[in-house]
Amino acid sequence: MSLKAVAIPGEHIKINTDPYTEPFWQKAKQGILTAAQCGACGHFRMPPTSYCPKCRSQDTKWPDLPGTGTVYSYVVCHKAPFAGIPDFTYIPVVVDLDGAPGARLVTNLFDIDPEEVTIGMKVKVEFNPIQDDWMLPIFRPA
Ligand SMILES: [Zn+2]
């Protein structure tokens, strides 16, 4: 049995926000997963952008999503992503978000043996504290 993949230590993660991304992070602080949705045509887009690529509307909604999804792609990493800390196993993953057709989130999958990860497996969100009191959405097996 190999070691389980873990969450990247949150104290090493710092984010920057802008008016187009901050609603995502504000909802994460409340334990809610969201995605940018066009207020005019309903098209979902992630990462958030200043206008809809389908209809060019600048009206953006941030609906509450169920927090579940499906693994679209992943890699297994065994080296620490930062200098000066011991190596550990972590899994960058692309998740198709339930409730937001077409929206995919690049995140991490944790609490799983890397040999058990499969494309198409169901996952659910958790929120990991990071720098500046923000919360990072990461996923575990559902
Ligand atoms: Zn649109």
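These figures come from a predicted structure and were not determined experimentally. (Residues numbered from 1 in each chain as written. Predicted model: local features only at pLDDT ≥ 70, side-chain atom pairs only at ≥ 80, totals over all residues. Heavy atoms only, no water.)

Undergrad: It is not clear to me how the coordination of the zinc ion should be interpreted in this structure. Could you clarify?
TA: Ideal geometry at a metal centre: 109.5 degrees between donors when four sit tetrahedrally, and 90 or 180 degrees when six sit octahedrally. The coordination sphere of the zinc ion contains the protein donors Cys38 (SG), Cys41 (SG), Cys52 (SG) and Cys55 (SG), at a distance range of 2.3 to 2.4 Å. What the four donor atoms of the zinc ion show is an angle range of 101 to 116° at the metal, which sorts the shape as tetrahedral. Mapped onto the sequence, the donors of the zinc ion take the spacing C-x2-C-x10-C-x2-C. Of this pair, Cys38 sits in strand E2 (residues 36-38) while Cys52 is found in the loop between strand E3 (44-45) and strand E4 (60-61), placing the two residues 14 residues apart along the sequence. (Donors = N, O, S within 2.8 Å, 3.2 Å for Na, K, Ca; no water. Tetrahedral: all angles 85-135°; square planar, octahedral: opposite > 155°, others 65-115°. Helix = DSSP H or I, 4+ residues; strand = E, 2+ residues; numbered from the N terminus.)

Undergrad: Help me out: how do you make sense of the pattern of salt bridges in this one?
TA: Should the charged atoms of two oppositely charged side chains come close, the side chains can pair. A complete count under the given rule lists eight salt bridges for this structure. Lys4 is the salt-bridge partner of Asp111, the closest N and O atoms lying 3.4 Å from each other. Taken together, the residues Asp111 in the loop between strand E8 (104-109) and strand E9 (122-129) and Lys4 in the segment before helix H1 (22-29) connect sequence positions 107 residues apart. In this structure, Asp96 and Arg104 form a salt bridge, with 2.8 Å as the shortest nitrogen-oxygen distance. Connected through salt bridges with shared partners, the residues Lys4, Asp111, Glu126 and Arg140 form a single ionic network. (Salt bridge = Lys/Arg side-chain N within 4 Å of Asp/Glu carboxyl O.)

Undergrad: Explanation requested: the nonpolar core in the structure shown.
TA: Soluble globular proteins tend to pack their nonpolar side chains together in the buried interior. In terms of nonpolar packing, the biggest core is built from 38 residues, with Leu33, Ala35, Leu97, Leu109 and Phe139 touching the most fellow members. Mapped onto this core, the elements with two or more residues apiece are H1, strand E7 (91-97), E8, E9 and strand E10 (135-141). When residues in this core are grouped by element, the largest group, four residues, is from E7. Filtering out sequence-adjacent residues up to four positions away, Leu33 remains in contact with Phe24, Pro63, Asp64, Leu65, Gly67, Leu97, Leu105, Val125, Phe127, Pro137 and Phe139. (Core = buried A, V, L, I, M, F, W, Y, C linked by side-chain atoms within 4.5 Å. Buried < 20%, exposed > 50% of the residue type's maximum accessible area, 1.4 Å probe, protein only. Contact = heavy atoms within 4.5 Å.)

Undergrad: For this particular structure, what's the right way to read the packing of aromatic side chains?
TA: Working definition: an aromatic ring pair is given by the centre-to-centre distance plus the angle between the planes. Throughout the structure, instances matching the rule amount to two aromatic pairs. Centre to centre, the rings of Phe24 and Trp25 are 5.1 Å apart; their planes meet at 85°, and the pair counts as edge-to-face. Given the relative accessible area of 6%, Phe24 is considered buried. Owing to a relative accessible area of 12%, Trp25 belongs among the buried residues under this scheme. Where Phe88 meets Tyr90, the ring centres are 5.5 Å apart and the plane angle is 50°; that geometry is what we call tilted. On the accessibility criterion, Tyr90 (10% relative accessible area) is buried. The ring of Trp134 is capped by Lys29, whose NZ or CZ atom sits 4.2 Å from the centre of that ring. The ring centre of Tyr72 lies 3.4 Å from the NZ or CZ of Arg104, which sits over that ring. (Phe/Tyr/Trp six-rings, centres within 6.5 Å; stacked < 30°, edge-to-face > 60°. Lys NZ or Arg CZ within 6 Å of the ring centre and 35° of its normal.)

Undergrad: So what exactly am I meant to see when it comes to the side chain of Asn128 here?
TA: The residue Asn128 is located in strand E9 in this model. What makes Asn128 buried here is its relative accessible area of 17%. Apart from the residues lying within four places of it in its own chain, the contact partners of Asn128 are Ala7, Ile8, Gly10, Trp134, Met135, Leu136 and Ile138.

Undergrad: Is there a simple way to think about the sheet that holds E2 in this case?
TA: Note: strands within a sheet are paired through backbone hydrogen bonds, in either parallel or antiparallel orientation. Reading across the sheet, the three strands line up as E3-E2-E4 and stay open at both edges, with antiparallel pairing between neighbours. Sheet topology places E3 and E4 at the edges, where each strand pairs with a single neighbour. As defined by bridge partners, E2 adjoins E4 across two bridges and the pair is classed as antiparallel. Paired with Gln37 across the strands is Lys61, a residue of E4. (Pairing = 2+ DSSP bridges.)

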